[in-house]
Amino acid sequence: MVPEKRKLMVVGAAIAAAFAVTGCAPAGYNAADYGNAAEPASNTAASPGATADPAATTDPVAETDPDATAPPGSDASTALSDDQVTNKLTGTAVKRMGSVVENEDGYVLYRFDSDSNNPAKTNCNGDCARTWPPALTNDGKPTLKGVNPKLVGTVTRADGTKQLTLKGWPLYTYIGDKQPGQWKGQNVSGKWFVIKPDGAKNLTCLPAISKPVAPPADDSDSDDSAGTGSSGGDYSY
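All of these numbers come straight from a predicted model, not from anything done at the bench. (Residues numbered from 1 in each chain as written. Predicted model: local features only at pLDDT ≥ 70, side-chain atom pairs only at ≥ 80, totals over all residues. Heavy atoms only, no water.)

## Some words on the environment of Trp-192
Inference 1: With respect to the secondary-structure elements, Trp-192 resides in strand S11 (residues 192-194).
Inference 2: Assessed through its relative accessible area of 0%, Trp-192 is described here as buried.
Inference 3: In this structure, the C-alpha to C-alpha distance between Trp-192 and Tyr-237, residues 45 residues apart in sequence, is 8.5 Å.
Inference 4: Among residues more than four places away in sequence, those in contact with Trp-192 are Tyr-110, Arg-111, Phe-112, Cys-124, Cys-128, Trp-132, Tyr-172, Gly-185, Gln-186, Asn-187 and Tyr-237. (Helix = DSSP H or I, 4+ residues; strand = E, 2+ residues; numbered from the N terminus. Buried < 20%, exposed > 50% of the residue type's maximum accessible area, 1.4 Å probe, protein only. Contact = heavy atoms within 4.5 Å.)

Here you go:
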């Protein structure tokens, strides 16, 4: 009887694992949005280019360099309007992904592997910042819930605006997320990951690497008869 019971337990575990894999992407999402999300890579067998090193996801000792995040004279000349800044950071949980940080509108925040957190530095500008809007701030003091204030800082961007950081990592939203709580930006380009309240990557669900959505079209794009504008291109960010 014992061997049979063990067999049933093994079979049951396998079935549960299968449901966990197929249920990795949020309900109602098209697998194409994730670049074959029906068979996401696991944390132990990451898809090519994905970072799934436990040491890289926990950031045990990384800290923000105060001098780097707020250099003298770095204040933007004009204060940003209320609808341009991120006023709140909330540590919470969403279905299938688990622990995340959301802004005041409930949109999930991300970190970018091409950035750095010690010292804090952002390398997402231009079209990248149009696709991945930075979490901007005027005073670096958003309302916090479920996020340790000691982990929150700022970094000055190339245009002089300030961007919120978490454990030194600059924070972004993703224009591919059309509703609060979505996380279609997970593992985009193998460089973008949902950020947890402690600043670590959330690798609970790791869909196969996909390309970012095109940045919003502007006037120059619409007049680009040669087809060399920013829409529909092949993006490295």
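## Digging into the pattern of salt bridges
Inference 1: Following the criterion strictly, the structure yields two salt bridges and no others.
Inference 2: The partner of Arg-130 in a salt bridge is Asp-127, and the shortest N-O contact between them spans 2.6 Å. Taken as a pair, Arg-130 and Asp-127 lie in helix H4 (residues 127-131) at a separation of three residues, close to a single helical turn.
Inference 3: We classify Arg-130 as partly exposed; its relative accessible area is 23%.
Inference 4: Overall, Asp-127 belongs to the partly exposed group, its relative accessible area being 26%. (Salt bridge = Lys/Arg side-chain N within 4 Å of Asp/Glu carboxyl O.)

## What about the sheet that holds strand S7 (residues 143-145)?
Inference 1: Judged by pairing direction, the sheet is mixed, and its three strands sit side by side in the order S2-S1-S7 without closing on themselves. Of all strands in the sheet, those with a lone pairing partner are strand S2 (98-102) and S7, marking the two edges. Each adjacent strand pair in this sheet contributes to an overall mean axis angle of 25°, direction not counted.
Inference 2: Summarising the sheet, strand S1 (residues 88-94) and S7 pair through three bridges and their orientation is parallel. Bridged to Leu-89 within S7 is Leu-144. (Pairing = 2+ DSSP bridges. Axes fitted to C-alpha atoms, helices over the stretch in contact; angles between N-to-C directions.)

## Here we look at the nonpolar core
Inference 1: In terms of nonpolar packing, the biggest core is built from 19 residues, with Tyr-110, Cys-124, Trp-132 and Trp-192 touching the most fellow members.
Inference 2: Formed by 12 residues, the second largest nonpolar core is a distinct cluster that contains Leu-164, Leu-166, Trp-169 and Ile-195. (Core = buried A, V, L, I, M, F, W, Y, C linked by side-chain atoms within 4.5 Å.)

## Notes on the confidence of the model for the chain
Inference 1: Of the residues in the chain, 60% reach a pLDDT of 70 or more, and the chain-wide mean stands at 75.
Inference 2: Confidence drops under a pLDDT of 50 for residues 31-76, and excluding neighbours within four residues, the segment shows 96 contacts in the predicted structure.
Inference 3: Note on residues 221-233: pLDDT is under 50 here. Beyond four places in sequence and across chains, it has 15 contacts. (pLDDT = per-residue confidence, 0-100.)

## A look at the side chain of Asp-177
Inference 1: Residue placement: Asp-177 occurs in the loop between strand S10 (169-170) and S11.
Inference 2: Despite its burial, Asp-177 pairs with no opposite charge, the nearest such side chain being Lys-184 at 6.8 Å.
Inference 3: At a separation of 2.6 Å, a polar atom in the side chain of Asp-177 contacts the side chain of Tyr-110.
Inference 4: Residues in contact with Asp-177, not counting those within four places in the same chain, are Tyr-107, Tyr-110, Gln-182, Trp-183, Lys-184 and Gly-185. (Lys, Arg positive; Asp, Glu negative; His and termini not counted. Polar contact = N/O pair within 3.5 Å; in protein donor to acceptor, adjacent residues only side chain to side chain.)

## Brief notes about the layout of surface pockets
Inference 1: Here the largest pocket is characterised by a volume of approximately 220 Å³.
Inference 2: If you trace the largest pocket, you find 16 residues lining it, with Thr-86, Asn-103, Asp-105, Pro-133 and Thr-173 closest to the centre. (1 Å grid on protein atoms, 1.4 Å probe; cavity = no way out; pocket = protein on both sides within 12 Å on 5 of 7 lines; lining within 4 Å. Points joined across faces, edges and corners; volume = space filled by probe spheres on them.)

## Observations concerning the side chain of Thr-90
Inference 1: Following the sequence through the fold, Thr-90 ends up in strand S1.
Inference 2: Discounting residues that sit within four places of it in the chain, Thr-90 has contacts with Val-100, Val-101, Glu-102, Lys-145 and Val-147.

## Observations concerning the packing of aromatic side chains
Inference 1: This model, assessed by the stated rule, comprises six aromatic pairs.
Inference 2: For the pair Tyr-172 and Trp-192, a centre-to-centre distance of 5.0 Å together with 85° between the ring planes defines the contact as edge-to-face. Of this pair, Tyr-172 sits in the loop between S10 and S11 while Trp-192 sits in strand S11; the two residues are 20 residues apart in sequence, bridging distant segments of the chain. In this pair, the class of Tyr-172 matches that of Trp-192, namely buried. (Phe/Tyr/Trp six-rings, centres within 6.5 Å; stacked < 30°, edge-to-face > 60°.)

## Regarding the environment of Ala-158
Inference 1: Within the secondary structure layout, Ala-158 lies in the loop between strand S8 (152-156) and strand S9 (162-166).
Inference 2: On the accessibility criterion, Ala-158 (72% relative accessible area) is exposed.
Inference 3: Between the alpha carbons of Ala-158 and Asn-123 there is a distance of 8.9 Å; along the sequence they are 35 residues apart.

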